Amino acid sequence: MSTALPETMLAVVLDGAGPPEALDIRTVPLPAVPSDHVLIALDYASVGSWDAKLRSGDWGDVKPGTVPGVDGSGRIAAVGDGVEGFNAGDRVYSYSYGNDRGGFYAEYVSVPANLVAHVPAQIDQAVAGAMPCAGLTAHSGLRALEVEREESLLVFGASGGVGSMAVWLAARAIGASVTGTAKPDAFDYLLKLGAAYAVEPQDSQFKHGFDAALFTTNGDTSNRWGAHLHRGAALAYPNGVEPEPQVPNHEAIAFDGEMSRAALDEFNKAIGTQTIPLNVDVYPFDRVVDAHRRIEAGHVIGKIVLQIR
Ligand SMILES: NC(=O)c1ccc[n+]([C@@H]2O[C@H](COP(=O)([O-])OP(=O)(O)OC[C@H]3O[C@@H](n4cnc5c(N)ncnc54)[C@H](OP(=O)(O)O)[C@@H]3O)[C@@H](O)[C@H]2O)c1
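Conventions and cut-offs
- Residues numbered from 1 in each chain as written.
- Predicted model: local features only at pLDDT ≥ 70, side-chain atom pairs only at ≥ 80, totals over all residues.
- Heavy atoms only, no water.
- Helix = DSSP H or I, 4+ residues; strand = E, 2+ residues; numbered from the N terminus.
- Buried < 20%, exposed > 50% of the residue type's maximum accessible area, 1.4 Å probe, protein only.
- Polar contact = N/O pair within 3.5 Å; in protein donor to acceptor, adjacent residues only side chain to side chain.
- Contact = heavy atoms within 4.5 Å.
- Near = heavy atom within 4 Å.
- Nonpolar A, V, L, I, M, F, W, Y, C, P; charged D, E, K, R; others polar.
- Pairing = 2+ DSSP bridges.
- Right-handed = clockwise from strand over helix to strand, strands pointing away.
- Domains from an automatic or database assignment.
- Buried area = accessible area lost by both parts, 1.4 Å probe.
- Axes fitted to C-alpha atoms, helices over the stretch in contact; angles between N-to-C directions.
- Parallel < 35°, antiparallel > 145°, perpendicular 65-115°, else oblique.
- Core = buried A, V, L, I, M, F, W, Y, C linked by side-chain atoms within 4.5 Å.

1. Side note on the side chain of His-37
In step 1: Position of His-37 among the secondary structure elements: in strand 3 (residues 37-47).
In step 2: Residue His-37 is classed as buried on the basis of its relative accessible area, which comes to 7%.
In step 3: A distance of 2.9 Å separates polar atoms of two side chains, one belonging to His-37 and the other to Ser-110.
In step 4: Beyond its immediate chain neighbours, meaning those up to four positions away, His-37 contacts Val-79, Gly-80, Val-83, Asn-99, Arg-101, Ser-110, Val-111, Pro-112 and Ala-113.

Printed below as a string of structure tokens:
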């Protein structure tokens, strides 16, 4: 099933690793839609620090013709023959890392249908575009830590993408008592997300102990915060955080954001009918170079997205 589709689209293309200026907007063929895929007409593509690392060559060579971007939101434009549960026009979001059909910095993306979910009705489309990777990663981390209602959780590095989503999910979906570290200009934001306490990473006066800790970064003061863990409490960090956080006598769990139908269903169930005050900085598609300069400058509060249409 499909609406009338063009043969070509605009996409951001890399012909090799390079600075932000290597991101070139050009016309390319529409990606194919195998039988287990859907085609999404994208509204927003998330811009993550990992996109900048891929672009710069930190992760190795970049194949000519690479379209970056691993997550975003849009509407179903076409459905593969073997796919059920999606119809043209449905509002959806997806996290699809390592997708050989192309990335999300484009007018259309073809993704496996089991990596796509309907956007909850009350969630704004820009927030939906910012959320899939950060949200599923935060969700996987909280699950690895088995965080429960009324437990105390530390989110070290709480104002970025994964941190914001971890604070919100732990506080508002699970009912945990969350302490987040951030620079003071993000304190009000963390409290809005549901944190009980917002503290600077350099704070040495904080007295509370924690039942679990999620590290989205590693810094000079990580070990000091690790010492606040209760006996037997674990810490977790997404793969990519370097150097890997370690706290003597505490289990350290490395994890990836799970990409699966089950994870998406659980994530949507956790959101329920709530809205999420995720801070989203919107860049027009043709300012993708500026979006990458911004992400590389650091201290993004919340997320950056590209507005595609
Ligand atoms: N394996 C996976 O599946 C997966 C998926 C997604 C992300 N990741 C990884 O997860 C990590 C977090 O991603 P993200 O998008 O949330 O990053 P981000 O938006 O850049 O957030 C990083 C957070 O760490 C804080 N921070 C940075 N340096 C710090 C320091 N020295 N001391 C204390 N806090 C510091 C930042 O606060 P300030 O801005 O105030 O410095 C911010 O709150 C990255 O390493 C990414 O590669 C892995």
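2. Brief notes about the site of the ligand
In step 1: In the region of the ligand, 23 residues are neighbours, and Ser-159, Val-162, Asn-239, Gly-257 and His-299 sit closest.
In step 2: Ser-159 places a polar side-chain atom, nitrogen or oxygen, 2.9 Å from an oxygen atom of the ligand.
In step 3: At 3.1 Å from an oxygen atom of the ligand is found a main-chain nitrogen or oxygen belonging to Gly-160.
In step 4: For the shell around the ligand, the elements supplying multiple residues, two or more each, are helix 3 (132-145) and helix 4 (161-174).
In step 5: A breakdown of the residues in the shell around the ligand according to their chemical character gives 9 nonpolar, 12 polar and 2 charged.

3. Thoughts on the pairing of strand 8 (residues 152-156)
Two faces belong to every sheet, and in a regular strand the side chains alternate between them.
In step 1: Within strand 8, 5 of the 5 residues are buried, which leaves it mostly tucked inside the rest of the structure.
In step 2: Residues Ser-152, Leu-154 and Phe-156 line one face of strand 8 and the alternating positions Leu-153 and Val-155 line the opposite face, and both faces are buried.
In step 3: Sheet topology note: the strand 8/strand 9 (residues 177-181) ladder contains 4 bridges and is parallel. Pairing of Ser-152 across the sheet is with Ser-177, part of strand 9.
In step 4: Each parallel crossover has a hand, and for strand 8 linked through helix 4 to strand 9 it is right-handed.

4. Details of the domain arrangement of the protein chain
In step 1: With domains assigned, the protein chain is organised as domain 1 (8-131 + 278-307) and domain 2 (134-255).
In step 2: Each of domain 1 and domain 2 has a C-alpha centre, and the two are 27 Å apart.
In step 3: In this assembly, 11 residues from domain 1 lie in contact with 13 residues from domain 2.
In step 4: In total, about 950 Å² of surface goes out of reach between domain 1 and domain 2, with carbon and sulfur atoms giving 63% of it.

5. A look at the packing of helix 1 (residues 49-56) against helix 8 (residues 288-297)
In step 1: Helix 8 packs onto helix 1 with a crossing angle of 105 degrees between their chain directions and a minimal axis gap of 9 Å. Between helix 1 and helix 8, the angle falls in the class roughly perpendicular. Only His-292, Ile-295 and Glu-296 of helix 8 make contact with helix 1, whose side of the interface consists of Ser-49, Asp-51, Ala-52 and Arg-55.
In step 2: Among the residues forming the contact of helix 1 with helix 8, the class breakdown is 2 nonpolar, 2 polar and 3 charged.

6. Re the nonpolar core
In step 1: Met-131 and Leu-153 are the most contacted members of the largest nonpolar core, which totals 54 residues.
In step 2: The biggest single contributor to this core is helix 4, with 8 residues.
In step 3: Mapping this core onto the domain boundaries places at least three of its residues in each of domain 1 (8-131 + 278-307) and domain 2 (134-255).
In step 4: Those residues in contact with Leu-153 that lie beyond four places of it in its chain are Leu-142, Leu-145, Val-147, Ala-170, Ser-177, Val-178, Thr-179, Phe-210, Ala-212, Ala-213 and Leu-214.
In step 5: The next biggest cluster of nonpolar side chains, apart from the first, holds 43 residues, and it includes Phe-86, Phe-104, Val-109 and Ile-295.

7. Here we look at the sheet that holds strand 11 (residues 210-215)
In step 1: The strand order across the open sheet formed by 6 strands is 10-9-8-11-12-13, and the pairing between neighbours is parallel. In this open sheet, the two edge strands, each paired with only one partner strand, are strand 10 (197-199) and strand 13 (252-255). Direction aside, neighbouring strands of the sheet carry axes that sit 20 degrees apart on average.
In step 2: Those strands touched by helix 4 are strand 8, strand 9 and strand 11, and its axis lies near 170 degrees from that of strand 8.

8. Section: unusual backbone geometry
In step 1: Note the cis peptide between Glu-242 and Pro-243, where omega equals -10 degrees.
In step 2: By the secondary structure assignment, Pro-243 is in the loop between strand 12 (229-238) and strand 13.
In step 3: Although it is not a glycine, Asn-249 sits at a positive phi angle of roughly 70 degrees.
In step 4: As for its placement among the helices and strands, Asn-249 is situated in the loop between strand 12 and strand 13.

9. Describing the environment of Val-199
In step 1: Mapped onto the secondary structure, Val-199 falls in strand 10.
In step 2: Each C-alpha atom, one on Val-199 and one on Tyr-93, is 32 Å from the other, the two residues being 106 residues apart in sequence.
In step 3: Those residues in contact with Val-199, other than ones at most four positions away along the chain, are Thr-179, Gly-180, Thr-181, Ala-182, Phe-187, Phe-206 and Trp-225.

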